[in-house]
Amino acid sequence: MAHDAYPQAMLRPEIDALPDSQIVEVWKMGFEIPDVIGLWVGEGDIPTPQFICDAAADALKAGHTFYTYKQGIPALRQALARYHTRINGVPMAPERITVTSAGMNAMMLIAEMLVSQGDNIVVVSPVWPNFARSIEIMGGTAREVALEPGNDGWRLDLDKLFRAVDARTRAIYLATPGNPTGWLMEHEQMKAVLEFARKRGIFVISDEVYHRFTYDRPVAPSFLEVATPDDPLFIVHSFSKSWAMTGWRVGWTVMPQRVVGAIDRLIEYNTSGGVQALQEACVVALEQGEPFVKELVERCHQAHDLVVKRLNAMKGVHVVPAPAAFYVMLQVEGMGPSLPFAKRLVKEARVGLAPGSAFGAGGEGHLRLCFASSHERLAKAMDRLEGFFGKR
């Protein structure tokens, strides 16, 4: 009997329908163009500091290569509790913290805990698209509410946000500071969102991965600073950005203690826990890495000023102001759809930017530029873009 006579084995419709990343679509073009300056993905060009790498190597040499605590080694959870107490000025119990295999893994676990078929999560966008895809993987819908760009930055209309919540909404998700916008939510809006969530019996999920990359204050506002330990709140963090550890894939999440047991069980069926040697290096990053973090943030601050000054001098280019993260969103007069225009920039200007359409509602009409690079590299990219756009 011929195989083509058998019924075809099918994937779940939600998985078949997942879109490819438009960021990666543009990024792949750079594989064929050796001299392109890629400012498309969200990482810097500085490798992880040697003292953190040495700590991981020492742990491996010491034989720390076995299964370990699913929620993370106690030393790391305690170090993270001390970190939050120091950075956010609030007491933090280590029992509320779970270490995950990347911040993205934390988001997927949260989606698994909250979303059933037909549910939705209200998502403030433009935003890194991966959490929306996690919702869709679980059979839910990401209901996007767009930030509004203006000459003084991005703005969130809370009335519009709250109107998007319905009987099937399980949570409100936002990233502050935001990727790709650099938008910050201030404490007053945080209090309003949290009070709304309490009344509606839904969660708030706050992605605060870029909390150290702020250019008008020492650290970004956090929901932890306005919430009680029992509030319906997930905070998502990662070691990727502040400690230049994107490839290490270690994150953490803070949550009410009543849901810790659920995430512990899910970790068993996802990864069965993280890598002990990497977690021991993360302890060292927290305890010894503050000078590095401050140097990295200052480097990005200077890079931000360089890029914004140069872009604002180019013909037809407008930068939406942002006080945080390491991206700028720019608009170009007459650009048209952002994906083909980003591809055109790769070919003609030899500079890679991410299309705004990759980031959901409110993103189209923009391009995202990551400025977490050396000033020399950025200056060369600005020269190329200026040659493409011309001067004002």
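Our structure is the block above this text.
Residues numbered from 1 in each chain as written. Predicted model: local features only at pLDDT ≥ 70, side-chain atom pairs only at ≥ 80, totals over all residues. Heavy atoms only, no water.

(A) Main features of unusual backbone geometry. Look at the link from Ser-125 to Pro-126: it is a cis peptide, with omega at 0°. Secondary-structure assignment places Pro-126 in the loop between strand 3 (120-125) and helix 6 (130-137). The residue after Thr-176, namely Pro-177, is reached through a cis peptide bond having omega 0°. Here Ala-244, not a glycine, exhibits a phi torsion of approximately 55°, which is positive. For Ala-244, the location among the structural elements is in the loop between strand 9 (233-238) and strand 10 (251-254). We classify Ala-244 as buried; its relative accessible area is 13%. The phi dihedral of Ser-272 falls on the positive side, at around 60°, and the residue is not glycine. On the secondary structure map, Ser-272 appears in the loop between helix 9 (260-270) and helix 10 (276-288). (Helix = DSSP H or I, 4+ residues; strand = E, 2+ residues; numbered from the N terminus. Buried < 20%, exposed > 50% of the residue type's maximum accessible area, 1.4 Å probe, protein only.)

(B) Representation of the state of the cysteines. With the rule as written, the count across this model stands at 0 disulfides. We note that Cys-282 lacks a disulfide partner, and the nearest cysteine sulfur, in Cys-53, lies 11 Å from it. Among the residues examined, Cys-282 registers a relative accessible area of 0% and is labelled buried. (Disulfide = S-S within 2.5 Å.)

(C) Expanded view of the pattern of salt bridges. Considering all chains together, one arrives at 23 salt bridges under this definition. Among the salt bridges present, the one from Asp-264 reaches Lys-70, with a minimum N-O distance of 3.1 Å. Taken as a pair, Asp-264 in helix 9 and Lys-70 in the loop between helix 3 (50-61) and helix 4 (74-88) lie far apart in primary sequence, 194 residues in all. We classify Asp-264 as buried; its relative accessible area is 18%. Three or more residues are tied together by salt bridges with common partners; here these are Lys-70, Asp-264 and Glu-268. (Salt bridge = Lys/Arg side-chain N within 4 Å of Asp/Glu carboxyl O.)

(D) The nonpolar core, seen in detail. Counting residues in each nonpolar core, the largest one holds 106 residues, and the members touching the most others are Leu-311 and Leu-369. When residues of this core are assigned to their parent elements, the largest contribution, 9 residues, is made by helix 11 (residues 290-312). Within the second largest apolar cluster, 27 residues are counted, among which are Met-104, Tyr-173, Ala-175 and Met-255. (Core = buried A, V, L, I, M, F, W, Y, C linked by side-chain atoms within 4.5 Å.)

(E) Representation of the sheet that holds strand 11 (residues 317-320) within the structure. Spatially, 4 strands are ordered 11-12-15-14 in an open sheet, and the strand pairing comes out antiparallel. Every other strand in the sheet has two partners, leaving strand 11 and strand 14 (354-355) as the edge strands with one partner each. Relative to strand 12 (residues 327-332), strand 11 runs antiparallel, the two being bridged by 4 bridges. Paired with Val-317 across the two strands is Val-332, which belongs to strand 12. (Pairing = 2+ DSSP bridges.)

(F) Broad picture of a nonpolar patch on the surface. A grouping of Val-24, Trp-27 and Phe-31 is seen on the molecular surface, where their side chains present a nonpolar patch of about 290 Å² in accessible area. Mapped onto the fold, Trp-27 is located in helix 2 (residues 22-29). Among the residues examined, Trp-27 registers a relative accessible area of 35% and is labelled partly exposed. (Patch = residues over 30% accessible without salt bridge, like charges linked within 9 Å, V, L, I, M, F, W, Y side chains within 5 Å. Areas by Shrake-Rupley, 256 points an atom, 1.4 Å probe, with all protein chains shown as cover.)

(G) Inspection of the sheet that holds strand 3 at higher detail. As summarised here, the arrangement of the 7 strands in space is 2-10-9-8-7-3-4, forming an open sheet in which the pairing is mixed. Taken across any chain shown, the strands that pair with only one partner, and hence form the sheet edges, are strand 2 (97-100) and strand 4 (141-146). Across the sheet, the axes of successive neighbouring strands diverge by a mean angle of 20°, strand direction being ignored. Where strand 3 lies against strand 7 (residues 169-175), 4 bridges are found, and the strand directions are parallel. (Axes fitted to C-alpha atoms, helices over the stretch in contact; angles between N-to-C directions.)

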